[in-house]
Amino acid sequence: MLLAGTILSAGLVGYLWRDTFESDSLKGARVLVTGASTGIGEQMAYHYARFGAQVVITARRGAVLKQVAEKCLKLGAEKALYIAADMAEPTDPDRVIKFAAKSLGGLDYLVLNHIGPSPFQMWNGDVDHARWLMQVNYLSYIEMTNSAMPFLKQSNGSIVVVSSIAGMIPTPFTAPYSATKFALNGFFGTLRQELSMKQESISITVCILGLIDTDSALSQVRGTVEAKAYPASEAALAIIKGGATRQREVYYPGFWQPVCLIRDWFPSMRDRVIQSTYNYKAVTQT
Ligand code: NDP
């Protein structure tokens, strides 16, 4: 009965959130995408370009960003600029926002997507790595948000945060990564409440992604996790549509939404089911 109720509510939410996206809304939009040299960020840059947006992309590798920016221009971007930056460096988040706002004349979308590499393994006590990853995956997001706030207020803009199912449900072999994603969900959930209380019309879209077929993700889970990986280009489009239509949350693939609604009903059983989809021996042998 409860299960049927949950599935019905998920269906209703899906109906209410049906596709209201209009691609023209992104024509000329001023967009900053982080972590855009590869993976989902690169695919987002190409979609924004096809929609005629003005994009600034960032990541550490300038030479790769240059190629992505050139492709964006060919795909139809009104502007495509890049800036190399390392989000582990304390001054880089602010430097990137200033560059984007200056070169675009403001900012409509802040798309926070980058992650630092983190080993897929059992927690091994490496607190220095956890601290570094917290800076790259979490603190730099809130630093960029702080610096971007005046520009987003001016434009009634949007913050799009790329998170993970690992930030909603604890999963094995990802402790430092999972912690950064839980932190993002908590911080941006609170910030959304506070912006609403202050009647600021800045939207915050938190994107909960399952396994996506990027090279970095597949190289980590291959032989260890029994799960289908979904296409990065589709994930990127779902994120962009969610941001443009100012949704609170995006779930991609969509089945994660009802799973998250019932995740706390039977926690021990949930954990056993999750553990059964992992090949424990494959991880301990690497
Ligand atoms: P990738 O590993 O493919 O891309 C990560 C990006 O971040 C790259 O552009 C990388 O570029 C950049 N980056 C890495 N370290 C730094 C740093 N120190 N400073 C600045 N930029 C950095 O990731 P995905 O595309 O797979 O993931 C994108 C987002 O989607 C992430 O937020 C991830 O958590 C989320 N997600 C992905 C899933 C998946 O299965 N792929 C599942 C769930 C969520 P460079 O090396 O040039 O710096």
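Preceding this section is the structure that the text describes.
Residues numbered from 1 in each chain as written. Predicted model: local features only at pLDDT ≥ 70, side-chain atom pairs only at ≥ 80, totals over all residues. Heavy atoms only, no water.

Right, let's get into the overall build of the protein chain. A count of helices and strands for the protein chain gives 11 helices and seven strands. In terms of overall size, the protein chain behaves like a compact globule, its C-alpha atoms giving a radius of gyration of 19 Å where 286 residues would be expected to give roughly 19 Å. Its C-alpha atoms give the protein chain principal-axis dimensions of roughly 50 × 45 × 35 Å. Counting the 286 residues in the protein chain, one finds 47% classified as buried. Within the structure as shown, the protein chain displays about 14,200 Å² of accessible surface, and the carbon and sulfur contribution to it stands at 56%. Averaged over its 27 positive side-chain charges, the protein chain has a centre that lies 2 Å from the centre of its 23 negative ones. (Helix = DSSP H or I, 4+ residues; strand = E, 2+ residues; numbered from the N terminus. Rg over C-alpha atoms; globule rule 2.2 N^0.38 Å. Buried < 20%, exposed > 50% of the residue type's maximum accessible area, 1.4 Å probe, protein only. Areas by Shrake-Rupley, 256 points an atom, 1.4 Å probe, with all protein chains shown as cover. Lys, Arg positive; Asp, Glu negative; His and termini not counted. Charge placed at Lys NZ, Arg CZ, Asp CG, Glu CD.)

With that settled, consider the site of the ligand. Lining the immediate environment of the ligand, one finds 29 residues, of which Ser37, Arg60, Arg61, Tyr177 and Thr214 sit closest. Within the side chain of threonine 38, a nitrogen or oxygen atom sits 3.3 Å from an oxygen atom of the ligand. Contact distances for the ligand include 2.9 Å between a nitrogen atom and a side-chain N or O atom of aspartate 86. In the complex, 93% of the free accessible area of the ligand, which totals 890 Å², lies under the protein chains. When contributions to the shell around the ligand are tallied by element, the ones reaching two or more residues are helix 2 (39-50), strand 5 (158-164), helix 6 (175-197) and helix 7 (215-221). Among the elements that take part in the shell around the ligand, strand 5 stands out by supplying three residues, more than any other. Residues belonging to the shell around the ligand are distributed by class as follows: 13 nonpolar, 12 polar and four charged. (Near = heavy atom within 4 Å. Polar contact = N/O pair within 3.5 Å; in protein donor to acceptor, adjacent residues only side chain to side chain. Nonpolar A, V, L, I, M, F, W, Y, C, P; charged D, E, K, R; others polar.)

At a minimum axis distance of 8 Å, the contact between helix 2 and helix 3 (residues 62-75) shows a crossing angle of 25 degrees. Considered as vectors, helix 2 and helix 3 are oriented roughly parallel to each other. When the axes of helix 2 and helix 3 are compared, the crossing they make is right-handed. From helix 2, Glu42, Ala45, Tyr46, Ala49 and Arg50 reach across to helix 3, where they touch Val68, Lys71, Cys72 and Leu75. (Axes fitted to C-alpha atoms, helices over the stretch in contact; angles between N-to-C directions. Parallel < 35°, antiparallel > 145°, perpendicular 65-115°, else oblique. Left-handed = near helix turned anticlockwise from the far one by under 90°. Contact = heavy atoms within 4.5 Å.)

Here we come to the state of the cysteines. Here the structure, examined in full by the defined rule, presents zero disulfides. You can see cysteine 207 has no disulfide; the closest cysteine sulfur is in cysteine 260, sitting 13 Å from it. Residue classification places cysteine 207 among the buried residues on the basis of a relative accessible area of 0%. What makes cysteine 260 buried here is its relative accessible area of 8%. (Disulfide = S-S within 2.5 Å.)

This paragraph deals with the pattern of salt bridges. Side-chain pairs of opposite charge can arise whenever the charged atoms involved come near each other. Considering all chains together, one arrives at 10 salt bridges under this definition. In this structure, aspartate 92 and arginine 95 form a salt bridge, with 3.2 Å as the shortest nitrogen-oxygen distance. Of this pair, aspartate 92 and arginine 95 are both found in helix 4 (residues 92-104), three residues apart, which corresponds to roughly one turn of the helix. Taking relative accessible area as the criterion, aspartate 92 reaches 8% and is therefore assigned buried. If you follow the salt bridges from partner to partner, you end up with Arg263, Asp264, Arg270 and Asp271 in one network. (Salt bridge = Lys/Arg side-chain N within 4 Å of Asp/Glu carboxyl O.)

Here the focus is the nonpolar core. Soluble globular proteins tend to pack their nonpolar side chains together in the buried interior. Counting residues in each nonpolar core, the largest one holds 41 residues, and the members touching the most others are Leu32, Leu107, Leu110, Ile159 and Phe188. Only helix 4, strand 4 (109-112), helix 5 (127-155), strand 5, helix 6 and strand 6 (203-209) provide two or more residues apiece to this core. Among the elements that line this core, the one with the most residues is helix 5, at eight residues. The next biggest cluster of nonpolar side chains, apart from the first, holds 38 residues, and it includes Val31, Ile57, Val162 and Ala232. (Core = buried A, V, L, I, M, F, W, Y, C linked by side-chain atoms within 4.5 Å.)

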